[in-house]
Amino acid sequence: AEHDVHVTFNLTPVLLRQIDDYLLNGATDGALDLTRRQAEKLTKAQVEEVLSTFFDADWHNQVYVHPRYRELFEQRTAGARFSQQDLRDLQMWFNLAWFGHEFRSVDVRLTTGDTVTVARFVRQQRGFSHDDLLAMLDDQYKILRAVVPIHRALQEAGRIEVSTTPAFHPILPLLIDTDSAYVDRPGTSRPTRYAYPEDAAAHVELASTDYLARFGRRPAGMWPAEGAVSSDAVQMIGREGISWLATDAGVLARSGQWGYRASEPTVLCQPYRSSDDATALALFFRDTDLSDGIGFRYGQYADAQVAVQDFLRAIETRFFDGLGDGDEQVLTIVLDGENAWGGYPDDGRPFLHALYSRLASDARLKTVTPSEYILGNPTRGIAPLM
C-alpha cells in the first residue's frame, strides 16, 4: 500500500552541482581530508580537529545507538587519550553514523547496479584498518552517483515528482530589486538599492536547463529558495514555463490587497492562479504548523505510531471538520529534508513507514504531487484541475 504514496522531492541545482564536483572534479572538504588521512600521519592539530568535530551528529540517535561510537564519545568527554586505533575507529564511525539506516543494516543494491556494503563495518564495530576506511569512502561515492538516477527512475515510473530551485539559491525577490523588501515591511531601513532582474532570470533559466540535462524533461515545479516570492519573481518563474510553485502560508496571509485568511482550511487548501495571462502558474501554500511538526517535533516522540497519530489527529480536527463533505481540497506540506531525519530514531524510517502506511490506508486522504493534482491522474482516480 505504501507504493500508492506519492511525494515530491526538491533537489536544488547547487546541491547537484556540488555532488558533480565530488564525483567529477575531485572536490573535497575538511572532514573528508581528515577521514582519508592515515591515523598515524595526523598532526597534533589534526588529531585535535578530529576529536572536536567527529562527534558532530545527533548524540541520541546517531552516537549513543552505536556501542563503539558511544564508547569513543565517553572517552572524549572524560578527556582520556586516544590511541591510533581509537582515532581510526572514530574516523570510521563519524562517517558510518551519517549513512542512511538501510545502508547500515544490510547490503544495498543501487539503481546504478553498484552495491553498498558498509553494513559489515557496523557489525564489526571496532578495530578498523585504513583500507576499511577507503572502502567505506568508496561506498559514499557509489551513493552520490545514484542520487539523480534513483530520483529520475521514480519520477519516470510516476511515483514521485522532482522539483527545482533557482540555480544558486538566491533570495529571488531581493535579487530582482532590494527595494521590494519595503513592500512587505514598511519602515524597513533599506540598503543601497541593488536590482539585477536579468541575474534573477538567469538563475531560473539555469535551473531549468540543468534539470533538463539531468532528468530528460523540463521541470514542472519550483520551490523558490527559502520560499521567498514576490509578484515579479512569480511572473519571472512563469515565463520560464514552470507550471507550479510552492511557498508558505504566511505569504498567502500577506498577499493581495487585504491579505487572505490563511488559517481557514477552505482558504489554505487550494492552489491559487498567479495571473490570467499565458505565464500564469499555480501556487501552493504549505501549512506551516504540520510542516514544522515533521521538521522539528515528531522526531522527539519515543513511539513513531503515536507521532503519526498526533499528525493525523491535527489534520482531522483542523481540516476535516472545517471542510464540507465531498469537497476536494489539497493540503500542502513542505519541509527541509536535511534538518529533520538525523533528529529521528533510525533516520526517521519508523516514522515515515508508519506515516505512509496510514496515509495509504485512509480512504479520506490521497497523496498527490502538485503536477498530479493539476493535470489529474486517471489511473488513481484524480480528475484534472482545469
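The structure under discussion appears in the preceding block.
Since we're looking at a predicted model, the values are computed, not measured.

Criteria and thresholds
Residues numbered from 1 in each chain as written. Predicted model: local features only at pLDDT ≥ 70, side-chain atom pairs only at ≥ 80, totals over all residues. Heavy atoms only, no water. Helix = DSSP H or I, 4+ residues; strand = E, 2+ residues; numbered from the N terminus. Rg over C-alpha atoms; globule rule 2.2 N^0.38 Å. Buried < 20%, exposed > 50% of the residue type's maximum accessible area, 1.4 Å probe, protein only. Areas by Shrake-Rupley, 256 points an atom, 1.4 Å probe, with all protein chains shown as cover. Lys, Arg positive; Asp, Glu negative; His and termini not counted. Charge placed at Lys NZ, Arg CZ, Asp CG, Glu CD. Contact = heavy atoms within 4.5 Å. Expected span 1.5 Å × (residues − 1). Bend = angle between axes of the 7 residues up to and from the residue. Phe/Tyr/Trp six-rings, centres within 6.5 Å; stacked < 30°, edge-to-face > 60°. Lys NZ or Arg CZ within 6 Å of the ring centre and 35° of its normal. 1 Å grid on protein atoms, 1.4 Å probe; cavity = no way out; pocket = protein on both sides within 12 Å on 5 of 7 lines; lining within 4 Å. Points joined across faces, edges and corners; volume = space filled by probe spheres on them. Nonpolar A, V, L, I, M, F, W, Y, C, P; charged D, E, K, R; others polar. Salt bridge = Lys/Arg side-chain N within 4 Å of Asp/Glu carboxyl O. Axes fitted to C-alpha atoms, helices over the stretch in contact; angles between N-to-C directions. Parallel < 35°, antiparallel > 145°, perpendicular 65-115°, else oblique. Left-handed = near helix turned anticlockwise from the far one by under 90°.

Caption draft 1: Quick look at the overall build of the protein chain. Tallying secondary structure elements over the protein chain gives 20 helices and 8 strands in all. Over its C-alpha trace the protein chain gives a radius of gyration of 23 Å, about what one expects of a compact globule, namely 21 Å for 386 residues. Taken along its principal axes, the extent of the C-alpha atoms in the protein chain is 70 × 50 × 45 Å. A buried classification covers 43% of the 386 residues belonging to the protein chain. Working note: accessible area of the protein chain is about 19,900 Å², and carbon and sulfur atoms make up 52% of it. The average position of the 38 basic charges and that of the 54 acidic charges among the side chains of the protein chain differ by 4 Å.

Caption draft 2: A look at the environment of Pro13. By the secondary structure assignment, Pro13 is in helix H1 (residues 13–24). What makes Pro13 buried here is its relative accessible area of 5%. For Pro13 and Gln62, which are 49 residues apart along the polypeptide, the C-alpha to C-alpha distance reads 28 Å. If near-sequence neighbours (up to four positions away) are discounted, Pro13 is found in contact with Thr164, Thr165, Pro166, Ala167, Ala207 and Asp210.

Caption draft 3: Geometry of helix H9 (residues 130–156). Here H9 spans 40 Å end to end across 27 residues, near enough to the 39 Å set by a 1.5 Å rise per residue. The sharpest bend along H9 comes to roughly 40°, located at Ala146, with the proline Pro149 sitting one to four residues further on. Phi turns positive, to about 80°, at Gly158, one or two residues after H9.

Caption draft 4: Representation of the environment of His66 in the model. Considering the arrangement of structural elements, one finds His66 in the loop between helix H4 (59–63) and helix H5 (67–77). Residues His66 and Leu252, spaced 186 residues apart in sequence, show a C-alpha to C-alpha distance of 45 Å. The residues touching His66, leaving out its near neighbours within four places in the chain, are Trp93, Ala97, Arg104 and Gln125.

Caption draft 5: Structural context of the packing of aromatic side chains. If you walk through the whole model with that rule in mind, you get 19 aromatic pairs. Residues Trp341 and Tyr344 carry aromatic rings whose centres are separated by 5.1 Å and whose planes lie at 50° to one another, so their mutual orientation is tilted. With a relative accessible area of 3%, Tyr344 lands in the buried category. Summarising the aromatic geometry, the rings of Tyr344 and Phe351 are spaced 5.2 Å apart at their centres and angled 50° between planes, so their arrangement reads as tilted. Within the aromatic cluster, the residues linked to one another by ring pairs are Phe55, Trp59, Tyr64, Tyr69, Phe73 and Trp93. A cation over a ring is seen here: Arg70 above Tyr64, with NZ or CZ 4.4 Å from the ring centre.

Caption draft 6: Representation of the layout of surface pockets within the structure. Taken as a whole, the second largest pocket holds about 270 Å³ of empty space. Forming the boundary of the second largest pocket are 17 residues, of which Ile160, Glu161, Arg217, Thr369 and Ser371 lie nearest the centre. Put simply, the parts of the chain that give the lining of the second largest pocket at least two residues each are strand E4 (160–163) and helix H20 (370–375). Its residues placed into classes, the lining of the second largest pocket shows 6 nonpolar, 7 polar and 4 charged.

Caption draft 7: Main features of the pattern of salt bridges. Per the counting criterion, the structure on display carries 24 salt bridges. Linking Arg349 and Glu102 is a salt bridge whose minimum nitrogen-to-oxygen distance equals 2.7 Å. Here Glu102 lies in helix H7 (residues 101–105) and Arg349 lies in helix H19 (residues 349–361), a separation of 247 residues in the sequence. Here Arg364 and Asp362 are joined by a salt bridge, their closest N and O atoms 3.0 Å apart.

Caption draft 8: Quick look at the packing of H1 against helix H12 (residues 197–215). Axis separation between H1 and H12 bottoms out at 10 Å; the angle between their running directions is 50°. As summarised for this structure, H1 and H12 are arranged oblique, according to the angle between their axes. Viewed along their axes, H1 and H12 form a crossing whose handedness is left-handed. The residues of H12 that touch H1, namely those facing Pro13, Leu16, Arg17 and Asp20, are Ala207, Asp210, Arg214 and Phe215. For the contact of H1 with H12, the class distribution of residues is 4 nonpolar, no polar and 4 charged.

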